[in-house]
Amino acid sequence: MPNTPAGEGPRPPGPQRRTVMKAGLGGAALAAAGLTFGSAGTAAADSAHRGGAGAPAPHDTGDWQKYVQGPSSRTVRPVSVLRSSGAVTDPQALLAPGGGVTVLSRPQPAQPPRWPDGTTATASSSHAPNGGDDGQPRTYDAGNAIDGDPGTFWNDDTIAAYPDTLTVTTAAPLSLPGITLLSNSDGVPADFTVETWDGAAWRTAATVTGNTSVRRAVPFAATVSTTQVRINVSADQSTPQGEFTRINEVYPGLLADDDIPRVVVDFGKVVVGYPHVTFTSASGNSPGVRLAFSETVQFLTDRSDFTRADQSGVPSQGTDQFAVPAGGADWKDTKGYQSGTQVYADGLHGFRYLQISLDALASDAPAAQPWGEVSIDAVWLEFTAYLGTPDSYTGWFLSADDDLNRYWYGAAYTNELVTDTFRSDDIDPRGADSPSLDGKLVLQDGAKRDRDPYVGDLAVSARTLYLTHDDAAAAARNVLADLADHQRSDGWIPPASINGYTLPLFDYPLWWVTCSWDYVLHTGDRAYATGYYPHLTKVLDSWYPSVTDGDGLLSKGLNGTSGYGDYAFLGRTGQITYYNANYVQALTDAASIATYLGNSADAGRWTDRATTVAAAVNTHLWDAAAGAYLDSSSGPARHAQDGNAIAITAGVADATRAASALAHLDATTVLPYGNAFMDNDTIFDGASQRVYAFTSYPELVARFRSGREDSALDQIRRTYGWMDTHDPGITSWEGIGPDGSLYEGSYTSMAHGWSTGVVPALTNELLGVRPTAPGFTTWSVRPRPGSVAWARGQVPTPRGPLGVDWHHPGRGTFALTVRVPRGTRGSVALPTDGHHVTVHVDGKLAWNGKKAKAYAARAQDGCVLLDGLTAGTRTVSVRPAG
């Protein structure tokens, strides 16, 4: 989840999006599905249906294993060299260990020129002194830019406000062919002019735009004799620290290009773990290397797109440092200093691209020097997350649509990246370390950041985990149990360990309730349900009643909650549809847990309260004019994806309201890269252009369950198709901003567990498999095919895999095979396409088109429902009657 208030990152247009929409299924697709039709429209494969045996789904897209994205082992190597610059020989050798070495070399730089004695500097503003990143007193005065020490710098005091000016004044005229500007990767001046004083007026000597270089030589058109030089900065590089102008040194003259040797390798997709670099040798002066990491090319610069040092106060300038000894080294990038309090590295990283530079921070001298020679034999990654191989998948999915298959496994891989051991050295440094979690398998929220388990994220990522790798279900239990163990005395449950379990979020205790039921439903863990039932009771019967108003609705602001946030730190107060629809769902789920444990009184009380809250939502938050639920009962009218979608999935909305709300979202939120989470910008600028896959997931479910399967598929193809075809590819992004950009710039996590809802959406809704009692003792299969011709898959259960295989030519013809594990029984709902049909199970008539012959068959909501399917392989066929 994002851990900062909502804000916009840069808005670069992405590369041209390829078309991901599927055309309607024609005869060729039906033939590929193993069914052909004659002129009378009867199935040529009718004989298969007479016996009740479903024709096997075709293998035209190959087996599901080919879509698996995880590495084959914990040693992961780059797949290509993206680029190199400077004195780099044989960069391709990095890809073939033992097949040669890559050499980076750089001569010792000459001493730069100094300003004459008596030179002074002034600035438009200067940041106040503080303890710096290392706790040592620092100043940021203009004089730092001419003191000859590249380790100090001038820092303006107007974040993202321009112009910022720095004026250098000499005691006597100085002849200058130009100047050289030295900055650092935390604040490179991007656009600026250089002016000189002619004794009566300022004259523009040079203009620079689009600068990305830390050291930039700025030549003048002709040599100028002057006593003053003024630098006017009108734009800075955007960094996680904000937009500040930072100038370490201004040199009086032109320094030769500082051609730092660099090589960038590409791992082909986002990976996570400990980088390794094998150095075979180095010059004897302790040459330094700096490693920068990024999930995208766009934010691959001389600093990482994000590093925990940005939040922990360690002086790293966004890179990991290492001083290479003369004899070489097999360096594993782990957190800490190499020499005293110098040469720092962050350790574990989530990234796709890795830049290696022969360079060193000025503050690291003499332990590391920015020159010399290093020879590198290999670069690789020690993968730390869940290793998802074909053998590890206990659940899988495959369909006639290659795009859907790719999105499912891309999201599954994303979730593998965030399923990892909780380690104090590589989690969020903002007070998130916890002895009660250290060493345990958990679901983090992101591979790169925040690397802390948030319970709201589990609402999606835990479901993905249960459906792909149920052997790792302990990762969800560990988080849920730990957060409950830190429950506040008033009943509130923290969202995560960050800030010592104190981050105030209003909605996440509700997600804890729902996620607890999800866990019990998928695993049948009665001990968890029993052990944490008191915590469930306390949060629902103590804390949420304390923030309930006279209308019976949750109202943020009551009981000191004005400053509480939610999943996106939105400025919402009062009666909010999302909070209250979530409350209805949590009460319903709590009642299910109570029923499971035999606590019928609690189940009845919570069910009654859910009914009361749902009625209040419909009374106070339904906007009849718009035909959708308001985001808030006060303030400007807006309609949010989260509230409207969950109102449908939680049963707050009846069928009429559900259809109207989805139609409103269709009319107001559809974008080329998904559906926006707000229909206008009254909550913040750009809200109507922002897409969260987290809140898109319940909308997908709502569309599937409201009979709008093809609109759900369209939304999947736009949302996940955009992420799949834009850098870094494959993985699921935390959020998408205007024009398909990274919604919070370089801070955005490009592999985020809360965005993997395409997995449960396709498995639970399209394939149609869902548990209906704890541990899958009972289950349902209700395929919602839409335009997809066939699908098959496997869902893990505590009693063995539940397999489903269906194909759907349409026109009242449907074939289904269900492989039922022992000790379970279930129901199926079979689409009829509006036709009068008959149904056979294992070759025997179960529905004759009018009445049941077996399995309590009945027609309902455009389907034929069958109950009581038991262990074994069950083949079900539907065909037009007569």
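Note that this is a predicted model, so its numbers are computed, not measured. The written sequence of each chain sets the order in which its residues are numbered from 1. Reporting in this predicted model follows two pLDDT cut-offs: at least 70 for local features of residues, and 80 or more for side-chain atom pairs to be given and counted; totals over whole chains, interfaces and linings ignore these cut-offs and use all residues. In computing side-chain properties, one takes all heavy atoms of the structure into account and sets aside hydrogens as well as water.

### Brief notes about the overall build of the protein
Okay, so step 1: Secondary structure elements follow DSSP: runs of H or I no shorter than four residues count as helices, runs of E no shorter than two count as strands, and numbering proceeds from the N terminus. Tallying secondary structure elements over the protein gives 17 helices and 42 strands in all.
Okay, so step 2: At 31 Å, the protein has a C-alpha radius of gyration in line with the 29 Å of a compact globule built from 882 residues.
Okay, so step 3: For the protein, the proportion of contacts with a sequence separation of at least 24, taken over those separated by at least 6, is 72%.
Okay, so step 4: Each accessible area is a Shrake-Rupley estimate made with a 1.4 Å probe; only the visible protein chains count as cover when residues are assessed. Accessible surface computed for the protein: about 29,600 Å², of which carbon and sulfur atoms make up 51%.
Okay, so step 5: Note on charges: Lys and Arg go in the positive column, Asp and Glu in the negative column, and His and the chain ends are not counted at all. Lys charges are placed at NZ, Arg charges at CZ, Asp charges at CG and Glu charges at CD. In the protein, 65 side chains carry a positive charge and 91 a negative one; their mean positions are 10 Å apart. This radius of gyration counts C-alpha atoms alone. The globule rule is 2.2 Å times how many residues there are, raised to the power 0.38. Should any heavy atoms of two residues lie within 4.5 Å, those residues are counted as being in contact.

### Quick notes on helix H16 (residues 709–725)
Okay, so step 1: Spanning 17 residues, H16 covers 23 Å between terminal C-alpha atoms, matching the ideal 24 Å at 1.5 Å per step.
Okay, so step 2: Summary of the burial criterion: residues with accessible area below 20% of their type's maximum are buried, those above 50% are exposed, and those between are partly exposed, where the area comes from a 1.4 Å probe applied to protein chains only. In terms of burial, H16 is largely enclosed, as 13 of its 17 residues are buried. Expected helix span is given by 1.5 Å per residue-to-residue step, counting one fewer step than there are residues.

### Thoughts on the sheet that holds strand S36 (residues 813–820)
Okay, so step 1: Should DSSP find at least two bridges between two strands, the strands are regarded as paired. The seven strands are arranged S21-S34-S35-S36-S42-S38-S39 in an open sheet whose pairing can be described as antiparallel. Among the strands making up the open sheet, the edge pair consists of strand S21 (396–399) and strand S39 (844–847). This sheet shows a mean twist of 15° between the axes of neighbouring strands, independent of strand direction.
Okay, so step 2: Of the pairings in the sheet, the one linking strand S38 (residues 837–841) to strand S42 (residues 872–880) comprises five bridges and is antiparallel in character. Paired with valine 841 across the two strands is valine 876, which belongs to S42. Helix axes are fitted to C-alpha atoms over the stretch in contact, other axes to C-alpha atoms as well, and angles between N-to-C directions run from 0 to 180 degrees.

### Some thoughts on the pairing of S36
Okay, so step 1: Among the eight residues of S36, seven are classified as buried, and the element is accordingly described as predominantly covered.
Okay, so step 2: Where strand S35 (residues 802–810) meets S36, six bridges bridge the pair, whose relative direction is antiparallel. Within S36, the position partnered with histidine 807 by the bridge is alanine 815.
Okay, so step 3: Of the pairings in the sheet, the one linking S36 to S42 comprises seven bridges and is antiparallel in character. Looking at S42, one finds that alanine 815 is bridged to serine 877.

### Here's the deal with the nonpolar core
Okay, so step 1: What we call a nonpolar core is a set of buried Ala, Val, Leu, Ile, Met, Phe, Trp, Tyr and Cys residues that are connected through their side-chain atoms within 4.5 Å. Counting residues in hydrophobic clusters, the biggest one holds 172 residues, and the most contacted among them are Trp512, Leu540, Tyr567, Leu816 and Leu866.
Okay, so step 2: In terms of residue count, the dominant contributor to this core is helix H11 (residues 577–596) (11 residues).
Okay, so step 3: Grouped together as the second largest cluster of nonpolar side chains are 37 residues, Phe293, Phe351, Leu354 and Tyr413 included.

### What about the sheet that holds strand S41 (residues 863–869)?
Okay, so step 1: Pairing is mixed across the open sheet formed by five strands, whose spatial order is S32-S33-S37-S41-S40. The open sheet has two edge strands with one neighbour each: strand S32 (769–771) and strand S40 (858–860). When strand polarity is set aside, the average angle formed by the axes of neighbouring strands in this sheet is 25°.
Okay, so step 2: As paired elements, S40 and S41 share three bridges and run antiparallel to each other. Within S41, the position partnered with glutamine 860 by the bridge is cysteine 863.

### Thoughts on helix H4 (residues 402–418)
Okay, so step 1: Counted at 1.5 Å a residue, the expected span for H4 with its 17 residues is 24 Å, and the 25 Å between its end C-alpha atoms agrees.
Okay, so step 2: Counting buried residues in H4 gives 16 out of 17 residues, a clear majority hidden from the surface.
Okay, so step 3: Under the rule applied, a polar contact is a pair of N or O atoms within 3.5 Å (in protein, one hydrogen donor and one hydrogen acceptor; residues adjacent in sequence only if both atoms are side-chain atoms). Here H4 starts with a cap whose side-chain oxygen sits 2.9 Å from the backbone nitrogen of aspartate 403, and that cap is aspartate 401.

### Observations regarding the environment of glutamate 416
Okay, so step 1: Along the chain, the position of glutamate 416 falls in helix H4.
Okay, so step 2: As for glutamate 416 and alanine 751, which are separated by 335 residues in sequence, their C-alpha atoms are 9.7 Å apart.
Okay, so step 3: Aside from chain neighbours lying at most four places away, what touches glutamate 416 is Gly70, Ala385, Tyr386, Gly388, Tyr393 and His469.

### A word on the packing of helix H15 (residues 693–705) against H16
Okay, so step 1: Viewed as axis vectors pointing N to C, H15 and H16 meet at an angle of 160°, and their least axial separation amounts to 7 Å. Judged by the inter-axis angle, H15 sits roughly antiparallel to H16. Our pair here, H15 against H16, has a crossing hand that is left-handed. Between H15, through Ala693, Ser696, Glu699, Leu700, Arg703 and Phe704, and H16, the contact on the second element is made entirely by Glu709, Ser711, Ala712, Leu713, Gln715, Ile716 and Tyr720.
Okay, so step 2: Side-chain classes follow a simple rule in which Ala, Val, Leu, Ile, Met, Phe, Trp, Tyr, Cys and Pro form the nonpolar group, Asp, Glu, Lys and Arg form the charged group, and the remainder, Gly included, forms the polar group. Of the residues contributing to the contact of H15 with H16, the split by class is seven nonpolar, three polar and three charged. Working rule for angles: under 35 degrees goes down as roughly parallel, over 145 as roughly antiparallel, 65 to 115 as roughly perpendicular, anything else as oblique. The sense of a crossing depends on the near helix, which, turned anticlockwise from the far helix by less than a right angle, makes the crossing left-handed and, turned clockwise, makes it right-handed.

### Re the packing of aromatic side chains
Okay, so step 1: The aromatic pairing rule takes the rings of Phe, Tyr and Trp, using the six-membered ring of Trp, and pairs them if the centres are within 6.5 Å, calling planes under 30 degrees apart stacked, those over 60 edge-to-face and the rest tilted. Taken as a whole, this structure holds 40 aromatic pairs when the rule is applied.
Okay, so step 2: Relative to tryptophan 722, the ring of tyrosine 673 lies with its centre 5.7 Å away and its plane at 55°, an arrangement referred to as tilted. With a gap of 49 residues between them, tyrosine 673 in the loop between strand S28 (670–671) and strand S29 (674–675) and tryptophan 722 in helix H16 connect regions that are remote in the sequence.
Okay, so step 3: For tryptophan 722, a relative accessible area of 7% translates into the label buried.
Okay, so step 4: For a ring to carry a charge above it, either NZ of a lysine or CZ of an arginine must fall within 6 Å of the ring centroid while also lying within 35 degrees of the normal to the ring plane. The ring centre of tyrosine 413 lies 5.7 Å from the NZ or CZ of lysine 269, which sits over that ring.
Okay, so step 5: Above the plane of the ring of tryptophan 622 lies arginine 657, whose end atom (NZ or CZ) is 5.1 Å from the centre.

### A look at the pattern of salt bridges
Okay, so step 1: Should a side-chain nitrogen of Lys or Arg be within 4 Å of a carboxyl oxygen of Asp or Glu, the pair is scored as a salt bridge. One pass over the full model with this rule turns up 40 salt bridges.
Okay, so step 2: The partner of aspartate 631 in a salt bridge is arginine 638, and the shortest N-O contact between them spans 2.7 Å. Of the two residues examined, aspartate 631 and arginine 638, each falls in the buried class.
Okay, so step 3: With a shortest N-O distance of 2.9 Å, glutamate 699 and arginine 703 are connected by a salt bridge. Linking glutamate 699 with arginine 703, this pair stays in helix H15, spanning four residues, or about one helical turn.
Okay, so step 4: Each of Asp428, Arg430, Arg449, Asp450 and Glu734 takes part in salt bridges that share partners, so that together they form one network.

### What to know about the pairing of strand S20 (residues 372–383)
Okay, so step 1: Most of S20 is tucked away: 10 of the 12 residues are buried.
Okay, so step 2: Relative to S20, strand S1 (residues 75–76) runs antiparallel, the two sharing two bridges. In the strand pairing of S20, threonine 75 is matched with glutamate 382.
Okay, so step 3: Of the pairings in the sheet, the one linking strand S4 (residues 102–106) to S20 comprises five bridges and is antiparallel in character. Bridging across to S20, leucine 104 finds its partner in valine 374.
Okay, so step 4: Pairing between strand S13 (residues 262–282) and S20: nine bridges, direction antiparallel.

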